[in-house]
Amino acid sequence: MSRSRTKWMLPVVAVAAASILALSGCSGSASDPSSSSGKALTVWVMGDSSKKFETLVEPFTKSTGIQVNAVAIPWDSIDQKLTTAVASGNGPDVVQIGVSKIRSFADTGALLNLDQSTLVNYPNLSADKFVAGASGDATAVGGKVVSLPWVSDTRVLFYRSDILTASGISKPPATWDELRADAKTLTARGSGNYGYYIPQWDSALPVEMTWDQGGNIVDTSGNINFDTTAFHKAVDVYTGLYADGSVPTNSDFDQVQGFTSGTTPMVVSGPYLASAITAASPDLAGKWSAVPLPGADAKTSLLAGSNLGVFAKTANKDGALQLLNYLSDPTTQVSWYKSDGDLPTVKTALADQTLASDPLFAVYAKQLTDAKLLPLVPNWDGVTGKALLDSLNSIVLNHADRDSTLSALYASTAGQSVK
């Protein structure tokens, strides 16, 4: 699984293998007796990058005596783990929640209601401390706040300036039509080369393309509706890139390797890709950059990220909220960006001068001003988003009939609602 697919994970410092095995099935209600004052927090973190977070929270443990034990949960296991935790009542104290899964978590009733009275003694958790896009609809379901922003994410266009220039392309594409044309030019470099990379698992990309055509996939009644002119235009671009031979078709393609090798010199991805590129190929410094998404009627990108929620049955609610308060401190947020490349959600951190001087950060910050959430329907990843990807992949990879495949998509998602 690629780094980009597993992002929106809360990385954490390693704990002993025996500890992980012991913690992975236990509830935060059973505190570790070896920790200071018997206090310990179990934190579920998504993905496989689990070594940096406990380093980040070492000062928190020193000042509070509260040990933080992080358990890494694979993205593709979180639904099963959540179901088991809800049924048994044995969950963590704190859980990382990808924005697209907020509705699924909230619907279980497993999360603590983080209303104003609950947060009154934790000043960093006040709603006015966070950027507007990271709060509101991104944290609340049915009017109840059940999570708090941790890190934000958006998508921008990364490109190899050296390869584009060598191919006669003087600047990165500003529209999706230009991107398709440039991708075709770059593919003509020869066998084994492509112009662009489409992650076959990324359900946000065709939605972003729809937004950028001036449309939406949610109608005025709050129902999913893909049968629009804007979506049809987005499908033209999406399928056209495959028809041109401009994108690789193997599902296990590694976007970092593809970008650093030059095989795919353009890709839409998140800020984490920059960290991965730098780590993999520091010699490419000055040969690549990023710009906001191409557009048509708009240049709207994805507003994504991860929130943190507290399990309602935690035996250490105060400790859990103290940890959230620490993680929302501007200094902590800046440190996390420098460590892992995740964008802050706190206003003061986003305005930090050490971040503002980073030209890539300026691109991300600009794109965040024009970014939207994926629709908060129940189980976007497993139902609506999956149906969207299954349909598009069937068309571009298996040559399924476009019209009948899209008609089936419209029918299968028609009952999905954000309400």
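Just above, that's the structure.
Reading the values: the criteria
- Residues numbered from 1 in each chain as written.
- Predicted model: local features only at pLDDT ≥ 70, side-chain atom pairs only at ≥ 80, totals over all residues.
- Heavy atoms only, no water.
- Helix = DSSP H or I, 4+ residues; strand = E, 2+ residues; numbered from the N terminus.
- Buried < 20%, exposed > 50% of the residue type's maximum accessible area, 1.4 Å probe, protein only.
- Contact = heavy atoms within 4.5 Å.
- Areas by Shrake-Rupley, 256 points an atom, 1.4 Å probe, with all protein chains shown as cover.
- Core = buried A, V, L, I, M, F, W, Y, C linked by side-chain atoms within 4.5 Å.
- Pairing = 2+ DSSP bridges.
- Polar contact = N/O pair within 3.5 Å; in protein donor to acceptor, adjacent residues only side chain to side chain.
- Axes fitted to C-alpha atoms, helices over the stretch in contact; angles between N-to-C directions.
- Phe/Tyr/Trp six-rings, centres within 6.5 Å; stacked < 30°, edge-to-face > 60°.

### Examining the overall build of the chain
Argument step 1. In terms of helices and strands, the chain carries 19 helices and 12 strands.
Argument step 2. For the chain, buried positions account for 55% of its 419 residues.
Argument step 3. In the chain, the proportion of contacts linking residues at least 24 apart, taken out of those at least 6 apart, comes to 79%.
Argument step 4. Carbon and sulfur atoms make up 51% of the accessible area of the chain, which amounts to about 16,700 Å² in all.

### Some details on the environment of Ala 371
Argument step 1. Inspection of the secondary structure puts Ala 371 in strand 12 (residues 371–372).
Argument step 2. As for Ala 371 and Ala 304, which are separated by 67 residues in sequence, their C-alpha atoms are 8.7 Å apart.
Argument step 3. Setting aside residues no more than four positions away along its own chain, Ala 371 makes contact with Thr 154, Thr 300, Ser 301, Leu 302 and Leu 303.

### Here we look at the nonpolar core
Argument step 1. In terms of nonpolar packing, the biggest core is built from 45 residues, with Tyr 196, Tyr 238, Leu 241 and Met 266 touching the most fellow members.
Argument step 2. Listing elements by their share of this core, those giving two or more residues are strand 7 (156–159), helix 7 (161–166), helix 8 (176–187), helix 9 (204–212), helix 10 (229–243), strand 8 (266–269), helix 18 (380–398) and helix 19 (402–413).
Argument step 3. With residues up to four places along the chain from it excluded, the contact list for Leu 241 reads Leu 179, Arg 180, Ala 183, Tyr 196, Ile 198, Met 209, Ser 246 and Val 247.
Argument step 4. Membership of the second largest hydrophobic core comes to 27 residues, among which are Tyr 197, Ala 290, Val 334 and Tyr 364.

### Remarks on the pairing of strand 2 (residues 67–73)
Argument step 1. Judged by how many residues are buried, strand 2 sits mostly within the fold: five of seven residues are covered.
Argument step 2. Bridging between strand 1 (residues 40–46) and strand 2 involves seven bridges; their strand directions are parallel. From the neighbouring strand, Leu 41 faces strand 2, where its bridge partner is Val 68.

### Some details on the side chain of Asp 93
Argument step 1. Here Asp 93 is to be found in the loop between helix 4 (78–88) and strand 3 (94–98).
Argument step 2. At a separation of 2.5 Å, a polar atom in the side chain of Asp 93 contacts the side chain of Thr 314.

### A word on the sheet that holds strand 2
Argument step 1. An order of 2-1-3-11-6 is seen for the five strands of this open sheet, with the pairing classed as mixed. Two strands lie at the open edges of the sheet, namely strand 2 and strand 6 (148–153), each paired on one side alone. With direction set aside, neighbouring strand axes in the sheet form an average angle of 20°.
Argument step 2. As judged from the five bridges shared by strand 6 and strand 11 (residues 304–310), these two strands associate in the antiparallel manner. Bridge pairing in strand 11 links Pro 149 to Asn 307.

### Some points on the packing of aromatic side chains
Argument step 1. Going through the model one piece at a time under the given rule, you end up with 11 aromatic pairs.
Argument step 2. Through pairs of rings, three or more aromatic residues link up here, namely Phe 53, Trp 150 and Trp 336.

### Examining the environment of Ile 169
Argument step 1. Looking at the element boundaries, Ile 169 is found in the loop between helix 7 and helix 8.
Argument step 2. By relative accessible area, Ile 169 is classed as buried at 9%.
Argument step 3. A C-alpha to C-alpha distance of 9.0 Å links Ile 169 and Leu 186, two positions 17 residues apart in sequence.
Argument step 4. Among residues more than four places away in sequence, those in contact with Ile 169 are Leu 164, Asp 182, Thr 185 and Leu 186.

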